[in-house]
Structures are given as structure tokens and as C-alpha cells.
Amino acid sequence: MAQISQDNRGLRLVVRYAVLCLIAAIFSFPLIFMIVSSLKPSSQLLADAHSFRALLPVGDISLQNYFDAFKRAPVALFIFNSVLVTGVTVVASLALCSAAAFAFTFVMWKGRDLALTVILATLIVPFETIAIPLLLEASKLPWIGAGGITWGWLNSYRVQIVPFIADGLTIYLFVQYFKDLPGELIEAARVEGASWFAIYRRVVMPLSGPVLATAAILKFLVMYNQYLWPIMVTQEEQYRPVMVGLQYFFQLNRAWGEIMAYLSLITVPVLAFYLYLQKAFIASIASTGVKG
Amino acid sequence: MKHLKWSVAAVALIGWGSLASATETLSMWYHGAGNEVEMKLINQVIADFNASQTDYAVELQSFPQAAYNDSVTAGALAGNLPDILDVDGPNMPNWAWAGYMQPLTIDESKIANFLPGTKGIYNGKLYSIGLWDAAISLVTRQSTLDALGLRTPTLEQPWTGEEFEAALKAAKDSGKYKYALDLGMAWTGEWYPYAFSPFLQSFGGDIVDRTTYASAEGALNGEAALAWGNWWQHLFTEDYAQADQDGADRDNGFGAGDYAFSWNGNWAALGALKAFDDTLFLPAPDFGKGPKIGAASWQFGVSAKSAHPEGAAKFIEFALQDKYLADFSNGIGLIPATPSAAAMVDNYKDGGPLAVFFGLSNAQGMVRPVTPGYVVQAKVFEKAANDIAHGADVAATLDAAVDEIDADIAKNNGYAAQ
């Protein structure tokens, strides 16, 4: 009897892993296709597209598409711009939104609930509806730089960063997470005479690893995939991000191999960032049920 | 006092000197980012212009084509348009009406022999001018026509609608092809009105009534339009063409022998010639009101906010030289705007492999509706054509399209001058 039970357990394990491997394979197919295709000439890529060869590095394999992609567009500049804009926005967003959420969760002040409701209500407003008013605003804002005061933020990094630092979703994530922290910790710190800032910095934030990872990944994806706003505000090539750069490859006669090479290159920062934070991200999903 | 006089004279001299040598910067936006050859050509024109005089210096900012129109619209909203911009021909009336562009003042005798589709004329005024045009043809092979026992149509004697039908049926019945006709259904957007509305116009219909531009009633849902809609739908119900096409099939299908005929532009012609040495580029069939193909490609114009419209016009006039028309044609394969430039291009000179496209453009080219409302009408037409291809009721779909177009015209007060 014990032997049969042991066999069943082993069989179940095999089946479970087989199913998981199958699901993993299905999800990894697009990535494998992209990377493998980036090594093939366009004609072979299209010819292989309808067979299993599409997922295999066979035939005329080379890095030529990567060289051609760098010739067609300033790929390194676009990746740098995206990483810079995304990185600064993510860091600033985590700092600002977590502080706001702290104030909404732990500090009692008049109008707090109403303010939070208004902020959460912005979640249902699509960006497209505010894009034009935001553009008009951004084109007239002042900036103090080395050359004194200038007017208009177009063609800059700041115009791609500042409007996206604070957002309702990130604040909501932090508020939800903070609500689950033991209130005794905050009370104890207050009794000890700690200031609100000290509690935020020394008590709450050290316990917020999972939500920081989740908020960072979600913000990273939103910012890294920005397209509409950059084409509205960056007429100069030197400030363009990767998604606008992708359009450089969509000519009348499309070079699919180069497109795949470019996509492979711009996917690297996303994968690296996700892999770096994935443990905390999964922990956060498990604890809050929030997913991207 | 003597010193003061000398000082004044010196200041005046320096001021005059700086005025005499002042070079105004002209900003220019262009849609060719990512196209290495095109960018090299436009940069050469700019370098030559800047070296040819000292009054103006053109500075280029290039955009990827897919993002260009949105960038211009955003630039206009933010008051940030350049002096010179390029515009896709059918969009020009909308940009002129919306106040993005001003009339182009160049010596019109210099464009007298330009292909009709290269001239962007709206409300009787020239707003833009193109260095090239594009044309569509029915691509096939001589061996295909021979095997199917079909007459080779010519510009003077294109196929009639019945002959075209017989050709499609013969190709289908031969069993040699996946589909008789590759319409390019994998492409979306402007391809639909550019490539397919000429069929409608050949039937006698149109996207909008061009006599008034005040309504689509009768033009898009009259007898002729219904005939077009039924014919268009039967292409798919008879399995002559596929309503849903894979992009790879569009790019490679004709070369792989999957289609007997391909409705495609001159930009793809060299690839077709490379695939088969007996490739033919046939004129559009005549469905009763003459054979038609779309005309007008990208053109240059002056932004309404330009502080130096005369300088911008001077640059555009400079770019219209035959040598540049020929260079662009050699580089990107499009049709040179003048016969003299065509004669300088191996592909388009008499006897050249693509010379037929110059004739097609000249004889069959028809610009899309010259109205600011076209940008909306094009999308409505695209949706209607796509719905009909997928089996929607023809009359109801066209009536709905007319309602949508008319509502847009009414909402914009008939697109009267602002």
C-alpha cells in the first residue's frame, strides 16, 4: 500500500513538472523566437516562420542584423535614454509615493480620506485624455538652468520624468501594504519619541521590500514602454526612448531580422531588472494579490 | 568728439558687417528616420543648399514615419512647428485647414512638368510639392498570363472588369496558387484608401462627393458604390483573395509563387523583378469609369508659423532640381516627378524596368479627396472595406460609413476655412 502511494506521489510530481515545463515553454516561445530570428536573414526568418525551425538557430546564422540595427538607428542612445528616464522616475516615484502613502496610512490629518479618494479616482482616467492638456502645460513651464530661466520643457529628459513620478496606482500599492503592517510597531516608535520621518525611514521602509519591488517593476514597465508621450514631447532625436526608436525599423520594406535584433537588445534591461527583483516581486504578489 | 565719431563709425561698421553675414536658421522636419539611404539624400540636398548661399542654413530633425504625423500635430498644439515640413499628400488639406501650413510661394513655371500627383493644391493654392510620386500596379508574370491564356493589358487598353474577373477565375481554376490575388490585406491604415478606393472610383463611386465635399451621400452608397462593394466582397467569398493575410505572405507570397497576381506599389517592384525575370507590371483594370490608381506621396511645404517663409520656399525650390529628383529615385526607388529626371534614372528612363510606373502615374493617378475631412474619411473607408471583406452587409455598411462621414463634416462645420 505504501509502495503504491509512493508511486502515485512520484507520478503526480512528474505530471506536475511536465505541465509546468509545458507552460514555461509556451511563455518562453516568443522570447526564443525573437532571439533566434534576430540571428537570421529576413528572407530565412519569414520562410521559417511557419515551421518549428522558427525556434531553432539553424541555417544562415550570424550577428549581421545587430550590426545593421546599430547602423539604422542610434540604438545605444535610445537604450540609454530609456534606462535614464525609467531609472530616475522609478526611484523618485518610490520615494514620493511611499511617503504619500505613509501620510495617508499613519498620519491623521483633515481631508485625508477625501484626498486619497481623489487620488485613487485618477486610476480610471486614461492617459490619452490628459495628454493634450499636459502637453500644453509642459510647453509653457519655466526651468532654471545654467543659462538662466527658459520656458518650455519640450525636448528634455525632465518632461519625460516629472509628470510620471506620482501616480495613483503606486500610492495605492503602498497604502494597501502599509495597512497590513502591525500598528503596534508605529505606536511603539511614537511612544519612544520618534518623529514621523524617522518612523517612515527606520521602521516602515525597511519592512517594505516586497511592495517596493512590485511598485518598481510595474513603474519600470510603464516607463520603459512609453510611446505616445515621448513622440509628443521629443522632437529631437537625442531624447528619444526605445519605443519611439522601434519605429525606425518599420520602413516600407521591413527588415524583420533587424527588428528582432533591436527587440532583443531593448528587452535585455527589462529582463535584467525583473530577474533582479523577481523574488521580492513574487513575495509581494503572494502577500497582496497584486499583479502586473 | 573726434573719438566719439570714430567709435560710432566703428560700431556701425561692425553692425553692418554682422547684418550682412547674418544667417537665419531654418528648421526642417522630415519623416525618413531609420532609412539610411533617404537620410543621406536629404542631408545632401541640405548641405548643397547651405553651401549655395549665406542667407539661410537648414537644420534637419528627422522622425520615424509611423510617429511623424502625431509629432507634427503635437508640435502644432505646442506652437513648436519647424519652418519646413514634409507632409503625406492626402493629409495636406487637413494641415492647411488646421493652420499648420501656409501656401507655398515658388516659381510655378518650375513645376509645370511635374507629375500631377506631386502637386499639393488645396483651395486653388499650392501648399506642397513632391520630389517623387508612387504608383500601384497589378504585378504578375508573362508566363502566368501565357499559361492562363490571358491577353496582356496595356495602358491604352487595360483589362475591363470582365477580363479581370476571367483572369482571377482562370488563376483559381488552375489550382496552382494558394490565392489568385494578393491584395495586401496584411497592410492597414492608409494602404486601404490608397490602394482600394481607386477600384471604387473606377466603378463610378467615391469616398465623398468631390463636387461639394459636403457629403458622402450617393458617392459612397449609390448604385456605383454598391456595385463596387458587391464586387469587393465577392473577391473574398469566391476565395480569389484572403481577407486576413499574414505579413510574411504579403512580403514573400508573390515571390514564392503563392499568388498569380499581386496588387502592390512601385517600391516593391525591384524585389518582384529579382524574384522572376518575366515579371510584369500591369495597369489597373477599368470597371467602367476608367482605370484608376492612387496618387500623391510625401511632399514639402512651409509651416504656418515659419518666420522665414521666403527662405523655406527658397529651399524647397532648390530641392526641385532634376538631379535631386533622380538621386531620390535611384536611392529609394520612387517615381521621379519630371520626365527629364526620369530620363536620368536607369529604372525609369525609356526602356527601363520600372518606366511603366511613370506612365501609370501620369495616366491613371488620381489624388485622394482633397479635403480636410479626408483624414477621417480614410479611416471610415478602411473600416467599411475591411468589414465588407469579412462578410458585412454591403448596403448597410456603406450607409453607416456615409452617416459617419457626414456627421464628421457637420461637426466641423463643413470644414470651412478657419
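Computed from a prediction, not measured in an experiment: that's the story for all the values here. (Residues numbered from 1 in each chain as written. Chains lettered and ligands numbered in written order. Predicted model: local features only at pLDDT ≥ 70, side-chain atom pairs only at ≥ 80, totals over all residues.)

Draft legend 1. Focus on the overall build of chain B. When helices and strands are tallied, chain B shows 16 helices and 15 strands. The globule rule puts the C-alpha radius of gyration for 418 residues at 22 Å, and the 24 Å found for chain B is close to it. Taking the principal axes of the C-alpha coordinates as reference, chain B spans close to 100 × 50 × 35 Å. A burial count over chain B gives 49% of its 418 residues as buried. (Helix = DSSP H or I, 4+ residues; strand = E, 2+ residues; numbered from the N terminus. Rg over C-alpha atoms; globule rule 2.2 N^0.38 Å. Buried ≥ 20, exposed ≤ 12 C-beta atoms within 10 Å, placed from the backbone.)

Draft legend 2. Fine view of the sheet that holds strand S11 (residues 279–282) of chain B. Residues and elements named next belong to chain B. If you trace the four strands from one edge of the open sheet to the other, you get S9-S10-S8-S11, paired in mixed fashion. Only two strands of the sheet have a single neighbouring strand rather than two, namely strand S9 (179–182) and S11. Direction aside, the axes of adjacent strands within the sheet are offset by 20° on average. Two strands pair when backbone bridges link them, and strand S8 (residues 136–141) and strand S10 (residues 259–265) are joined in this way by four bridges, in the antiparallel orientation. Across the sheet, residue isoleucine 136 finds its bridge partner in S10, namely glycine 265. (Pairing = 2+ DSSP bridges. Axes fitted to C-alpha atoms, helices over the stretch in contact; angles between N-to-C directions.)

Draft legend 3. Examining the interface of chain A and chain B more closely. At the junction of the two partners, chain A supplies 22 residues and chain B supplies 21 residues. Mapped onto the side of chain A that touches chain B, the elements with two or more residues apiece are helix H3 (64–72), helix H6 (127–138) and helix H12 (228–233) of chain A. When residues of the side of chain A that touches chain B are assigned to their parent elements, the largest contribution, three residues, is made by H6(A). (Contact = placed C-beta atoms within 7 Å.)

Draft legend 4. Quick peek at the pairing of strand S13 (residues 298–303) of chain B. All names here are of chain B. The buried fraction of S13 amounts to six of the six residues, a majority that puts the element mostly inside the structure. Both strand S4 (residues 101–102) and S13 contribute to a ladder of two bridges, which runs antiparallel. Among the inter-strand pairings, methionine 101 is bridged to a residue of S13, identified as serine 303.

Draft legend 5. Seen up close, unusual backbone geometry. Residue and element names in this part refer to chain B. Of note, asparagine 123 is a non-glycine position whose phi angle comes to about 55°, a positive value. Mapped onto the secondary structure, asparagine 123 falls in the loop between strand S5 (119–122) and strand S6 (125–129). A count of 11 C-beta atoms within 10 Å places asparagine 123 in the exposed class. Positive phi values are uncommon outside glycine, yet alanine 296 reaches one of about 85°. Following the sequence through the fold, alanine 296 ends up in the loop between strand S12 (293–295) and S13. In this structure alanine 296 comes out as buried when scored by C-beta crowding, with 28 C-beta atoms within 10 Å.

Draft legend 6. Representation of the domain arrangement of chain B within the structure. All names here are of chain B. Domain annotation for chain B reports domain 1 (25–133 + 297–355) and domain 2 (136–293 + 373–415). Facing the ten residues of domain 1 at the interface are nine residues of domain 2. A total of three residues in the side of domain 1 that touches domain 2 trace back to one element, the largest contributor, which is helix H4 (residues 92–97). (Domains from an automatic or database assignment.)

Draft legend 7. The arrangement of the packing of helix H8 (residues 223–237) of chain B against helix H15 (residues 374–389) of chain B in detail. Residues and elements named next belong to chain B. Two elements in contact, H8 and H15, have axes whose closest approach is 8 Å; the angle formed by their N-to-C orientations is 50°. When the axes of H8 and H15 are compared, the pair comes out oblique. Note on element contacts: H15 touches H8 through Ala385, Ile388 and Ala389, opposite Gly229, Trp232, Gln233 and Phe236. (Parallel < 35°, antiparallel > 145°, perpendicular 65-115°, else oblique.)

Draft legend 8. Region of the structure containing the domain arrangement of chain A. Residues and elements named next belong to chain A. In terms of domain boundaries, chain A breaks down into domain 1 (1–71) and domain 2 (73–288). Domain 1 and domain 2 are separated by 32 Å when their C-alpha centres are compared. Counting residues at the interface gives 14 residues for domain 1, matched by eleven residues for domain 2. Elements represented by at least two residues in the side of domain 1 that touches domain 2 include exactly helix H1 (2–37), helix H2 (42–48) and H3. The dominant element in the side of domain 1 that touches domain 2, judged by the number of residues it contributes, is H3, at five residues. Considering only residue class, the side of domain 1 that touches domain 2 consists of eight nonpolar, four polar and two charged. (Nonpolar A, V, L, I, M, F, W, Y, C, P; charged D, E, K, R; others polar.)

Draft legend 9. Representation of the packing of helix H7 (residues 191–203) of chain B against H15(B) within the structure. Residues and elements named next belong to chain B. Running from N to C, H7 and H15 cross one another at 65°; their axes reach a closest spacing of 9 Å. In terms of orientation, H7 lies roughly perpendicular with respect to H15. The element H7 and its partner H15 pack so that their crossing is left-handed. When H7 is examined against H15, the residues Tyr192, Pro193, Phe196 and Ser197 are found in contact with a partner set consisting of Ala378, Phe381, Glu382 and Ala385. Of the residues that constitute the contact of H7 with H15, the class distribution is six nonpolar, one polar and one charged. (Left-handed = near helix turned anticlockwise from the far one by under 90°.)

Draft legend 10. Representation of the nonpolar core in the model. Formed by 147 residues in total, the largest nonpolar core has its most connected members in Ile84(B), Leu181(B), Leu220(B), Phe315(B), Ile316(B) and Phe357(B). By residue number, the principal contributor to this core is H15(B), which donates eight residues. Residue contacts for Leu220(B): discarding those within four places in its chain leaves Gly205(B), Asp206(B), Ile207(B), Ala225(B), Leu398(B), Ala401(B), Val402(B) and Ile405(B). In terms of nonpolar packing, the next biggest core, distinct from the first, is built from 31 residues, Ile186(A), Leu212(A), Ile217(A) and Met223(A) among them. (Core = buried A, V, L, I, M, F, W, Y, C linked by C-beta atoms within 7 Å.)

Draft legend 11. Structural detail: the confidence of the model for chain B. All names here are of chain B. Residues with a pLDDT of 70 or more make up 94% of chain B, whose mean pLDDT is 94. Scored below 50 in pLDDT, residues 13–20 makes zero contacts in the model with residues more than four places away or belonging to other chains. The ipTM for the predicted assembly is 0.82, set against a pTM of 0.86. (pLDDT = per-residue confidence, 0-100.)

Draft legend 12. Broad picture of the pairing of S11(B). Residues and elements named next belong to chain B. Burial along S11 is two-sided: the residues Thr279 and Phe281 and Leu280 and Leu282 are all buried. As paired strands, S8 and S11 are joined by four bridges and run antiparallel to one another. Opposite arginine 141, over in S11, you have threonine 279 as the bridge partner.

Draft legend 13. Fine view of the environment of Asp48(A). Residues and elements named next belong to chain A. Looking at the secondary structure, you find aspartate 48 in helix H2. Sequence spacing of aspartate 48 and serine 37 is eleven residues, and the spatial spacing of their C-alpha atoms is 9.1 Å. Non-local contacts of aspartate 48, meaning those with residues more than four positions away in its chain, are made with Lys40, Arg53 and Ala54.

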